[in-house]
Amino acid sequence: MKVGGGTHRAAAMQSRVAVDRGRAGGRLAILLVGAVALGSGVRARAGNLFGSQPVPDWVKTAAQQKLPEFHGNPKAVVLLEETTYTVDQKGQAVEHVRRVVKILRPQGRDYGYPWVSYDKDSKVLSLHVWSIDAAGHEYTMKDNEIVDLGAPGGSGELYSDDRAKAADPPGRDPGGIIAYEYEKRERPYLAETNWGFQDDLPRIQQSFTLALPPGYTYTTTWARHAKVDGIDLENHSYRWEMNNESAIDLDHVPMAPGEGSQAARMTVHYAGPGLMEPQDGTWQGIGEWYEGLERGRVESAPDIAAKAAELTAGKTDFFDKAEAIGEFVQQKIRYVAIKMGVGGYQPHAAEDIYRGRYGDCKDKATLLSAMLSSVGIHSALLMVDVERGVIDPDAPSIWGDHMIAAIEIPNGYESAKLHSVVTAKTGRRYLIFDPTWDMTPFGQLEDNLQGSYGVLMEGKDSQIIELPVMDPKLNTIRRSGKFELSADGTLKGSVTDLRFGDLAETRRQVFSSEGEKKQTEYMNRVIAQDFTGASMTGLKVENVDALNKDLTTTFDLQASHFASFTGPLLMVRPRVLGSYGLDVDRKPRHVEIDLEQTMQGTDEYDIELPQGYVVDELPDPVKIDVGFASYVSSTELHGRVLHYSRTYTVRQVTVPATKYEAVQQLAAAIAADEDSQAILKRGN
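Residues numbered from 1 in each chain as written. Predicted model: local features only at pLDDT ≥ 70, side-chain atom pairs only at ≥ 80, totals over all residues. Heavy atoms only, no water.

1. Digging into the overall build of the protein chain
Consideration 1: A count of helical and extended segments in the protein chain gives 11 helices and 38 strands.
Consideration 2: When its C-alpha atoms are laid out on the principal axes, the protein chain stretches across 95 × 70 × 45 Å.
Consideration 3: Scored against the burial criterion, the 684 residues of the protein chain give a buried share of 55%.
Consideration 4: For the protein chain, the proportion of contacts with a sequence separation of at least 24, taken over those separated by at least 6, is 75%.
Consideration 5: Summed over all atoms, the accessible surface of the protein chain reaches about 29,300 Å², with 48% contributed by carbon and sulfur.
Consideration 6: Computing the positive centroid from 74 side-chain charges and the negative centroid from 96, the protein chain places the two 3 Å apart. (Helix = DSSP H or I, 4+ residues; strand = E, 2+ residues; numbered from the N terminus. Buried < 20%, exposed > 50% of the residue type's maximum accessible area, 1.4 Å probe, protein only. Contact = heavy atoms within 4.5 Å. Areas by Shrake-Rupley, 256 points an atom, 1.4 Å probe, with all protein chains shown as cover. Lys, Arg positive; Asp, Glu negative; His and termini not counted. Charge placed at Lys NZ, Arg CZ, Asp CG, Glu CD.)

What follows is the structure, given as structure tokens:
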């Protein structure tokens, strides 16, 4: 997994998933774009029916097997997937794969695109594609019907040498069978290969065979699966089978974790006399390997040292100096990725990054390290994954897709500004910071990385570390409003909205990058979630670019028919605007619950009652604390003013499935409170 592309969080905000997802043999983005390109007419022609290379027996055998009953309603099923990974005496490898997929539903057609990714350091030696449509007609694709696709640029990606061989065979309809076989020569940068044997499709038959030359040894680690011993096939070959593997079906699971955090895989590390970079299958070994890649590239230079000195002039405090340099790299070094071969892992030289004022995630972390070192602050690179839970602490591997920084905190130093702090096994403390993401204040960590794991690249002291979870008070919404309610049910007043941390990032993006029209449209959509027939005037936003200050939004609001009549009674909702509702269902829960982020939200609303009305009934107060979260609210009458207040606090980012009943109780309490009504009646 390369760590150089697809980690710019501006793109990740759209999908919450990084662009660079090579775990299934290539980039998902290539498949999607390829589907569009191929759909324009590159198809197997009718003349290929029963072509010169008939459908192999292994395809027909797989196609004829009886399917078991599936849990859920899968879009397609993998009938067969056989992978053989052959290593030669020099440590280079050839991967041979056979795969047969059956389309079960119209939505499964996208699983019928055979494709094989490669780059400048690998080569697709062969690719053969066959299909059998639902009527039993057999097709063989010709070589000139297999296309070569370049990688689409992700956000901030200037160039990538990622490519793919791909095809669009006939028969990609329900009941159709799509099969392909390929060989690809690999040049492993590290003596590691990964077998992902679980994804969003059920798998009937699958196997992985490792073939090593004499004198080579191997070890395996397993993520989210118990260790399975390989079958010794003699001649230094070993085989693993994982048959009837269920799919990871999260399509209709509320508050679902990422698929990558659930998928099981086996990682193989091998060693032998022909390897330049042997791997011992430990986190320390991975760190030592990466130390060789970054050697000489993290060093400072005169111009870098001069800029660091300028930024820290007059500053003596550790945090103040680190913050000045961190914010410079975060805000002034553009995210631009250029990936070729090992460049997907290896950073550019710090001096080149500084002079060009651009780089990808590992480049920005490298420049940050060089600048900090010039003012006497040590830091290290930290490999993570933008999807929480993907990196398994018990399965050492280079599986992450993003690089951030771990800044060493001086011995005995304390500050109230230190929030994203971890302590390594060496006893050293580190401040964890992502210089790529430009919407998180220095000293904190964006929500999708919290509670996950990262690989601290510190040479012999390299290790896996658990990333911290932020205090809820560092990620806040504080809303307040003063309103007047008219006897006809119209509500008028002013609103102040203060946001800090990740809860401010969407608005910061809108108000820093969009025009006035788009900004107004965005706020109108926000208001429309709580009102019908509402209008907003006097919109004002402050501290858009000041990440260490509250993003402050104020506006005036008028909403007709806010209160409704039931006979002589007037019904009014004390919770004027804003919702903390949770999406839950009543089904049994089998996967952990993703609460996304720790946070604290508070609301304070005052509604002056119309003349001639008094309160007949108020909603009951709410108080619920389920450990990982709490919610309290109250509605009181202060003279002629209806006062509503509430506080919602989330203390954890991930909750085990066994706590789902508590999540349901919390969701019900919040929903009931947000919909509750105060009843007014005519009086003196």
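2. So, the packing of aromatic side chains
Consideration 1: Evaluated as defined, the whole model comprises 21 aromatic pairs.
Consideration 2: With centroids separated by 5.8 Å and ring planes inclined at 90°, the aromatic side chains of tryptophan 58 and tryptophan 130 adopt a geometry described as edge-to-face. One end of the pair, tryptophan 58, is in helix α3 (residues 57-64); the other, tryptophan 130, is in strand β4 (residues 123-132), with 72 residues separating them in the sequence. When sorted by exposure, tryptophan 58 lands in the same class as tryptophan 130, which is buried.
Consideration 3: One aromatic cluster in this structure is built from Trp195, Phe197, Phe208, Tyr218, Trp222, Tyr238 and Trp240. (Phe/Tyr/Trp six-rings, centres within 6.5 Å; stacked < 30°, edge-to-face > 60°.)

3. Points about helix α4 (residues 283-294)
Consideration 1: Here α4 is 12 residues long and its end C-alpha atoms lie 17 Å apart, about the 16 Å a rise of 1.5 Å per residue gives.
Consideration 2: Packed against the buried residues of α4 are β10 (192-196), α8 (361-373), β19 (379-384), β20 (402-409), β23 (453-457) and β24 (463-466).
Consideration 3: Trailing α4 by a residue or two, glycine 296 shows a phi angle of about 85°, which is positive. (Expected span 1.5 Å × (residues − 1).)

4. With respect to the side chain of aspartate 385
Consideration 1: With respect to the element layout, aspartate 385 can be found in the loop between β19 and β20.
Consideration 2: At 2.9 Å, the side chain of aspartate 385 forms a polar contact with the backbone nitrogen of glutamate 387. (Polar contact = N/O pair within 3.5 Å; in protein donor to acceptor, adjacent residues only side chain to side chain.)

5. Brief notes about the sheet that holds strand β8 (residues 163-166)
Consideration 1: Strand order in the open sheet made by the 3 strands is β3-β8-β6, with antiparallel pairing throughout. Looking at strand neighbours, the two that pair on one side only are β3 (115-118) and β6 (147-150), the edges of this open sheet. Mean inter-strand twist for the sheet, computed between neighbouring axes without regard to direction, equals 25°.
Consideration 2: Looking at chain direction, β6 and β8 are connected through 4 bridges and run antiparallel. Each residue of the ladder has a partner; that of valine 147, found in β8, is alanine 166. (Pairing = 2+ DSSP bridges. Axes fitted to C-alpha atoms, helices over the stretch in contact; angles between N-to-C directions.)

6. Quick notes on the sheet that holds strand β9 (residues 177-186)
Consideration 1: Taken together, 8 strands build an open sheet; the order of strands is β5-β4-β9-β2-β1-β11-β14-β13 and the sheet is mixed. On the outer flanks of this sheet lie β5 (138-140) and β13 (231-234), each paired with one strand and no other. With strand direction ignored, the average angle separating the axes of adjacent strands in the sheet is 15°.
Consideration 2: Here β13 runs beside strand β14 (residues 237-241); their pairing, made up of 3 bridges, is antiparallel. Bridged to isoleucine 231 within β14 is arginine 239.

7. Things to note about the pairing of strand β1 (residues 76-87)
Consideration 1: Counting buried positions along β1 gives 9 out of 12 residues, so the element sits mostly inside the fold.
Consideration 2: Pairing of β1 with strand β2 (residues 93-103) involves 11 bridges; the strand directions are antiparallel. Its bridge partner being in β2, leucine 80 is matched across the sheet by valine 100.
Consideration 3: Following β1, the chain reverses through 5 residues before pairing antiparallel with β2; glycine 91 in that reversal takes a positive phi of roughly 90°.
Consideration 4: Across 8 bridges, the pairing between β1 and strand β11 (residues 203-211) is parallel. Each residue of the ladder has a partner; that of threonine 83, found in β11, is phenylalanine 208.

8. What to know about the pattern of salt bridges
Consideration 1: Enumeration over the complete set of coordinates arrives at 33 salt bridges.
Consideration 2: Note that arginine 203 and glutamate 81 form a salt bridge whose closest N and O atoms lie 2.9 Å from each other. Residue arginine 203 is located in strand β11, and its partner glutamate 81 is located in strand β1; the two are separated by 122 residues in the primary sequence.
Consideration 3: Relative accessible area serves as the criterion here: at 4%, arginine 203 is assigned to the buried category.
Consideration 4: Between aspartate 497 and arginine 507 there is a salt bridge whose closest N-O contact spans 3.5 Å. (Salt bridge = Lys/Arg side-chain N within 4 Å of Asp/Glu carboxyl O.)

9. Let's talk about the packing of helix α5 (residues 302-311) against helix α6 (residues 318-332)
Consideration 1: Contact geometry of α5 with α6 gives a least axis separation of 9 Å together with a crossing angle of 120°. On the basis of their axis angle, the class for α5 and α6 is oblique. Seen along the crossing, α5 lies across α6 with a hand that is right-handed. Across from Lys307, Ala308 and Leu311 in α5, the residues of α6 making contact are Ala324, Ile325 and Phe328.
Consideration 2: Among the residues making up the contact of α5 with α6, the classes are represented as 5 nonpolar, no polar and 1 charged. (Parallel < 35°, antiparallel > 145°, perpendicular 65-115°, else oblique. Left-handed = near helix turned anticlockwise from the far one by under 90°. Nonpolar A, V, L, I, M, F, W, Y, C, P; charged D, E, K, R; others polar.)

10. Comments concerning the nonpolar core
Consideration 1: Counting 53 residues, the largest nonpolar core has Leu485, Val572, Val576, Phe628, Tyr631 and Leu666 as its most contacted members.
Consideration 2: Per element, the largest residue contribution to this core is 6 residues, and it comes from helix α11 (residues 660-675).
Consideration 3: The contacts of tyrosine 631, once residues within four sequence positions are left out, are Tyr580, Val622, Lys623, Ile624, Tyr644, Arg646, Thr647, Tyr648, Leu666, Ile670, Asp673 and Glu674.
Consideration 4: With 28 residues, the next largest nonpolar core counts Phe319, Tyr354, Ala405 and Phe442 among its residues. (Core = buried A, V, L, I, M, F, W, Y, C linked by side-chain atoms within 4.5 Å.)

Limitation: the analysis is restricted to geometry and does not speak to function.
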